[in-house]
Amino acid sequence: MKTKILLLLIFPILLSCSSDDSDEYQNIPIDFKIPSNFPLANYDFANNPLTEKGFELGKKLFYDGRLSSDGIISCGFCHIQEDAFTHHGHTFSHGVGDAIGTRNAPPIQNMVFQTTFMWDGATNHLDLQPIIPFTSEIEMHGNFENAINMMKNDANYVKLYKQVFSNGVINSENMLKALAQFQIMLVSSNSKFDKYRRNEVGGTLTTEELAGYALFNQKCASCHATDIFTDNSFRNNGLPVNPAINDVGRFRVTELPQDLHKFKVPSLRNIEKTAPYMHDGRFFTLEAVMNHYSSGMVTSATLDASLNNSGVLGIPLSESEKSKMIAFLKTLTDNEFLTNQKFAEY
């Protein structure tokens with residue numbers, strides 16, 4: 001009888017010790033590894049160390065429609081994993097109240113290796129980038145005070161913030177840091193091209209793909225530089241201006257005449273999956289993009305100098321060269337990234 005009483009006394013203590021006590025939980029660091037064919041990361045990890053629970057919190061925030069004013073539009077609403085975190089098929093994404101903007105939702109892969117964000121470079125810090133879509137009236141139309149109050153009344157959020165941050169505080173700074181942790185981990189680096197570059201199994205390019213890669217290096221790599229495929233610059237690539245929108249691009253940020261109608265050079269990774277293309281989503285196929293660069297440009301005061309060769313606009317491309325270039329671009333599709341359950345919505 002005494003033995004039974006002793007076991008009954010000990011059993012609740014054992015249950016208590018084995019429970020997931022958020023105050024005692026030791027957050028596990030994430031060892032962020034840079035792929036060998038990638039440039040250095042552009043982020044101060046010391047100010048926001050990556051952890052498993054930090055990533056979990058960031059992912060929860062990324063897919064939570066309650067952050068928006070209508071309780072529906074989350075970050076993930078317009079950035080869909082299987083489409084390389086773009087809004088495939090939508091020229092412009094639909095925000096709260098079915099509001100429509102004037103720019104195509106860009107992919108958000110490999111952002112930790114980039115130096116500026118948004119089509120016009122409105123921010124150069126990954127922690128601050130989410131503020132723009134979160135507060136935009138035509139995107140999420142979010143409000144920090146409302147979002148913080150919502151999270152303070154959600155037991156799961158309260159627990160996660162305690163696990164992630166030493167102060168355990170639910171505030172805008174910690175919210176943005178967690179979102180940055182999720183975005184940092186969105187690394188696409190296992191395409192056929194990457195395996196070719198790293199001499200790995202599955203990285204054998206066909207004759208057509210290799211020819212396309214050679215053409216790309218000759219005609220495109222000065223802007224779509226490194227294996228991230230952007231030099232982070234802003235350029236006018238000769239698109240006719242849409243008079244209904246008249247998007248002034250980088251000029252909206254700097255108000256410098258030389259930045260009129262310049263937009264950030266986008267990465268080309270997973271481009272097979274991210275149509276439509278350009279800042280305003282005007283092209284729905286890669287063939288249309290090739291046609292623009294070969295014969296569809298218009299001149300202007302800020303047209304990139306590399307696209308004007310003594311009055312001859314564009315990049316000369318034969319039909320055969322266009323086909324080879326597209327074959328190469330399709331080697332940048334990373335199906336492991338597009339289907340990785342670690343990034344998927346719950």
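Residues numbered from 1 in each chain as written. Predicted model: local features only at pLDDT ≥ 70, side-chain atom pairs only at ≥ 80, totals over all residues. Heavy atoms only, no water.

What about the packing of helix 5 (residues 144-152) against helix 7 (residues 172-184)?
For any two helices packed against each other, the geometry comes down to the angle between their axes and how far apart the axes lie.
And then number 1: As a packed pair, helix 5 and helix 7 sit with axes 10 Å apart at the nearest point and diverge in direction by 80 degrees. The pairing of helix 5 with helix 7 is recorded here as roughly perpendicular in orientation. Across from F144, I148 and M151 in helix 5, the residues of helix 7 making contact are S172, M175 and L176.
And then number 2: Residue classes in the contact of helix 5 with helix 7 are distributed as 5 nonpolar, 1 polar and no charged. (Axes fitted to C-alpha atoms, helices over the stretch in contact; angles between N-to-C directions. Helix = DSSP H or I, 4+ residues; strand = E, 2+ residues; numbered from the N terminus. Parallel < 35°, antiparallel > 145°, perpendicular 65-115°, else oblique. Contact = heavy atoms within 4.5 Å. Nonpolar A, V, L, I, M, F, W, Y, C, P; charged D, E, K, R; others polar.)

Concerning the packing of aromatic side chains
And then number 1: Under the defined criterion, the tally for this structure stands at 25 aromatic pairs.
And then number 2: Seen in terms of ring centroids, F32 and F45 are 5.4 Å apart; in terms of plane orientation they differ by 35 degrees. Their pairing is tilted. Within this pair, whereas F32 is found in the loop between helix 1 (2-18) and helix 2 (52-62), its partner F45 is found in the loop between helix 1 and helix 2, the two being separated by 13 residues in sequence.
And then number 3: With relative accessibility at 25%, the residue F45 sits in the partly exposed group.
And then number 4: Judged by centre distance (6.5 Å) and plane angle (35 degrees), the rings of F193 and Y196 are tilted. In this pair, F193 and Y196 are both assigned in helix 8 (residues 192-197), 3 residues apart and thus about one turn of the helix distant. (Phe/Tyr/Trp six-rings, centres within 6.5 Å; stacked < 30°, edge-to-face > 60°. Buried < 20%, exposed > 50% of the residue type's maximum accessible area, 1.4 Å probe, protein only.)

Comments concerning helix 9 (residues 207-219)
And then number 1: Along its 13 residues, helix 9 runs 18 Å from first to last C-alpha, staying within 8% of the 18 Å computed at 1.5 Å per residue.
And then number 2: Every buried residue belonging to helix 9 is among E209, G212, Y213, L215 and F216, and all of these are buried. End-on view of helix 9: buried residues confined to an arc of 165 degrees, all on one side of the axis. The outward face of helix 9, more than 90 degrees from its buried face, is lined by the exposed residues T207 and Q218.
And then number 3: In the core, the buried residues of helix 9 are packed alongside helix 8 and helix 12 (319-329). (Expected span 1.5 Å × (residues − 1). Arc of directions from axis to C-beta.)

Concerning unusual backbone geometry
And then number 1: With an omega of 5 degrees, the peptide bond running from A275 to P276 counts as cis.
And then number 2: The phi dihedral of N110 falls on the positive side, at around 55 degrees, and the residue is not glycine.
And then number 3: Of note, N110 is situated in the loop between helix 3 (75-78) and helix 4 (131-135).
And then number 4: The backbone of N232 shows a phi angle near 65 degrees, a positive value even though the residue is not glycine.

Some points on the environment of A46
And then number 1: Within the secondary structure, A46 is located in the loop between helix 1 and helix 2.
And then number 2: In sequence terms A46 and R103 are 57 residues apart; their C-alpha atoms lie 34 Å from each other.

Quick look at the environment of R66
And then number 1: Here R66 lies in the loop between helix 2 and helix 3.
And then number 2: A residue is classified by how much of its surface remains accessible, and R66, at 39% relative accessible area, is partly exposed.
And then number 3: Separated by 74 residues in sequence, R66 and M140 have C-alpha atoms that sit 9.7 Å apart.
And then number 4: Non-local contacts of R66, meaning those with residues more than four positions away in its chain, are made with K60, G71, M150, D154 and Y157.
And then number 5: At a separation of 2.9 Å, a polar atom in the side chain of R66 contacts the side chain of D154. (Polar contact = N/O pair within 3.5 Å; in protein donor to acceptor, adjacent residues only side chain to side chain.)

Comments concerning the confidence of the model for the protein chain
And then number 1: Across the protein chain, pLDDT averages 93, with 93% of residues at or above 70.
And then number 2: pLDDT under 50 marks residues 1-19. Its contacts with residues more than four places away, or in other chains, come to 0 contacts. (pLDDT = per-residue confidence, 0-100.)

Overview of the nonpolar core
And then number 1: L57, L61, M151 and Y161 are the most contacted members of the largest nonpolar core, which has 46 residues in total.
And then number 2: If sequence neighbours within four positions are ignored, Y161 has contacts with L57, L61, M151, G168, V169, I170, N174 and M175. (Core = buried A, V, L, I, M, F, W, Y, C linked by side-chain atoms within 4.5 Å.)

Structural notes on the pattern of salt bridges
And then number 1: For the structure shown, the criterion picks out 17 salt bridges.
And then number 2: Notably, a salt bridge pairs R66 with D64, separated by 3.0 Å at the nearest N-O pair.
And then number 3: For D120, the salt bridge goes to R103, with nearest N and O atoms at 2.9 Å. One end of the pair, D120, is in the loop between helix 3 and helix 4; the other, R103, is in the loop between helix 3 and helix 4, with 17 residues separating them in the sequence.
And then number 4: Three or more residues joined by partner-sharing salt bridges are found here, namely R103, D120, D247 and R252. (Salt bridge = Lys/Arg side-chain N within 4 Å of Asp/Glu carboxyl O.)

Examining the side chain of K264
And then number 1: Secondary-structure assignment places K264 in strand 2 (residues 263-264).
And then number 2: For the buried K264, no salt bridge is present, and the opposite-charge side chain at shortest range is D231, 8.6 Å distant.
And then number 3: Apart from the residues within four sequence positions on either side, K264 is in contact with Q114, T116, F117, M118, W119, T230, N232, S233 and F234. (Lys, Arg positive; Asp, Glu negative; His and termini not counted.)

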